[in-house]
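Summary of the model geometry
Residues per chain, in single letters:
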Amino acid sequence: MCLVTSSNLSIGPPVKYSWLGIKMFLKLFKQLRSILLGEKMNTLRFLGACREVGRSGVLLETGSEKILIEYGIKLKTPEEGGEPKYPRKVGTDLDGILLTHAHLDHSGFIPSLYHQGYKGYVYSTATTFDLSHILWKDTVKLARLKNHTMHFFNSDLNRMKRFEHRVTYGQQFEIENCTVEVHDAGHIPGSASLLIDTGEKRVLYTGDIRTTDTQLLKGRIPNFRDVDVLIIESTYSDRIHPPREEQERELADRVRETLDMNGIVLLPAFAVGRSQEVLMILDKYNIDAPIYLDGMAIEATEIVLKYPEFLRDPKRLERMYSRVKKLRSNKERKKATEHSSVIVTTSGMLEGGPIAYYIERLYDRKDVSIILTGYQVKGTVGEILLRTGRYKKENLNLKVNCFYEKLDLSAHAGRDELFDYVKTVDPEKVYVVHGENCEGFAAELKDGLGYEAYAPKAGQLFEL
Ligand SMILES: [Zn+2]
Ligand SMILES: [Zn+2]
């Protein structure tokens, strides 16, 4: 009897099939198959958030459909001055607009398309639409106040409401021949990652993501299948977050120490997401003092509570929100600072909002703590305070004698989580956007993990 096996037939050294080689072969096979079957070419044009954070926008074209994924703005710091920066222009002949979440760097320029005459749908979650509307209204107000070019008006915001198509996590919907799946992105309430199946390609657009838990939201990587193309944010691709629990405890300790001195704690926070997260942390550590909420954070928290299905523990936030006192006038603000208290207010980088009222009156007091709860962009009032110890705003230049510090309560995935995300999704191609280190991260994905990875430039077109 003659036994023939592949091993005893081989001549010379055994051939090693590397994973990279197999991937390359599969890719060539797929391309050849597409050509033979006459499949349509899918393209991506990157309109913004290219090698920077801000003004996100990607145009996905399939040959028959044109889908715009986000259209945001980039606000300038007072040092830079002037009007916001906008993404590359796009026509209004679109089949649909997809929006991942309310932050203005993703949503801020969408109303301008309705102003220009777009009459199609924009798809997002209920929380995102409601939060976006308060931010859009504020944008109109600020543009008018600062004498900036008006790209849309309140009338456009009212008119676009009937084109808003509300979707939720786990839902699938169609835009012409494309199917879109909505997944929880764990970033802020209502934030979504979108998986678009064009028939030829499955494109996953992450939006902003957080894959580990916060007090407000559950973080995780959804179970995506067969993703060909991944477009991923990379805000923290070069930084590892300190342990979350440690940061929370630090916040609670500082609050307690200040209250023990009969002092006042100022917690400047972004209205959307961070203010609610800070309230949840104060609740977790049973902070026993009068807690006040001020500015746009009040309206944002009410919206967030309107859609409890997007929250990790809505009952806790509800309990905390009913406990906190809401401040709406300077008279109430003055009263709140006449005793020991905790004040959560906007804006997160001290650029505007009621925080100015408090700092301008309390900057000299040693029993006051200012705890910055978010990333401070270079050149903002908050970043200048951390760097110089001075509060510089318009014609004020004050030496701050309060205690001040910044904690990392980020709503973004850190470096390690971003790598895990890419490996879990395991796409054919990766486009890295929304970061200062896009090129570095793309190079690491390419050289270290063997992915076909790009850091697109604004305006660049890619065939998928
Ligand atoms: Zn965001
Ligand atoms: Zn963003």
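Residues numbered from 1 in each chain as written. Chains lettered and ligands numbered in written order. Predicted model: local features only at pLDDT ≥ 70, side-chain atom pairs only at ≥ 80, totals over all residues. Heavy atoms only, no water.

**As for the sheet that holds strand 15 (residues 341–345)**
Rules: In this analysis, strands are considered paired if DSSP registers two or more bridges between them. To qualify as a helix, a DSSP run of H or I must reach at least 4 residues; to qualify as a strand, a run of E must reach at least 2; elements of each kind are numbered from the N terminus. Convention adopted: a line fitted to C-alpha atoms gives each axis, helices being fitted over their contacting stretch, and angles between N-to-C directions are expressed from 0 to 180 degrees.
In space, the six strands of this open sheet follow the order 14-13-15-12-16-19, with parallel pairing throughout. The strands lining the two open edges of the sheet, one partner per strand, are strand 14 (325–327) and strand 19 (403–406). Along the sheet, successive strands turn relative to each other by an average axial angle of 20°, direction set aside. Of the strand pairs in this sheet, strand 16 (residues 368–372) and strand 19 are connected by four bridges, and their pairing is parallel.

**Notes on the side chain of E277**
As a reminder, the rule being used: Only protein chains enter the area calculation, which uses a 1.4 Å probe; residues under 20% of their type maximum are buried, those over 50% are exposed, and those in between are partly exposed. Residues adjacent in sequence count toward polar contacts only when both atoms are side-chain atoms; beyond that, a polar contact is any pair of N or O atoms within 3.5 Å, and within protein one must be able to donate a hydrogen and the other to accept it. The criterion used for residue contact is that any of the two residues' heavy atoms lie within 4.5 Å.
Looking at where E277 falls in the secondary structure, it is placed in helix 8 (residues 274–284). Its relative accessible area of 4% is what places E277 among the buried residues. In terms of polar contacts, E277 uses its side chain to reach the backbone amide nitrogen of L216, at 2.9 Å. Discounting residues that sit within four places of it in the chain, E277 has contacts with T214, Q215, L216, R244 and E248.

**Notes on the packing of aromatic side chains**
Definition in use: For Phe, Tyr and Trp, rings pair up if their centres lie within 6.5 Å, where Trp contributes its six-membered ring, and each pair is then called stacked (planes under 30 degrees apart), edge-to-face (over 60) or tilted (otherwise).
Inspection of every chain in the model, using the stated rule, returns 15 aromatic pairs. An angle of 80° between the planes, with centres 5.1 Å apart, marks the rings of F419 and F441 as edge-to-face. Here F419 is found in helix 14 (residues 415–425), whereas its partner F441 is found in helix 15 (residues 438–449), with 22 residues between them in sequence. Each member of the pair, F419 as well as F441, carries the same accessibility label: buried. Ring plane angle 65° and centroid distance 4.8 Å describe the contact between Y431 and F462, whose orientation is recorded as edge-to-face. Here F462 lies in strand 22 (residues 461–463) and Y431 lies in strand 20 (residues 429–433), a separation of 31 residues in the sequence.

**Brief notes about the environment of F419**
Judged by relative accessible area, which is 13%, F419 ranks as buried. On a C-alpha basis, the gap between F419 and P222 in space is 15 Å, while along the polypeptide they are 197 residues apart. Each residue touching F419, except ones within four places of it in the same chain, is listed here: F441, E444, L445 and L449.

**Notes on the confidence of the model for the protein**
Applied cut-off: On a scale of 0 to 100, pLDDT captures the predictor's confidence in every residue.
Per-residue confidence for the protein gives a mean pLDDT of 93; residues scoring 70 or more make up 92%. Every residue in residues 1–16 scores below 50 in pLDDT, and together they form two contacts with partners more than four places removed in sequence or on other chains.

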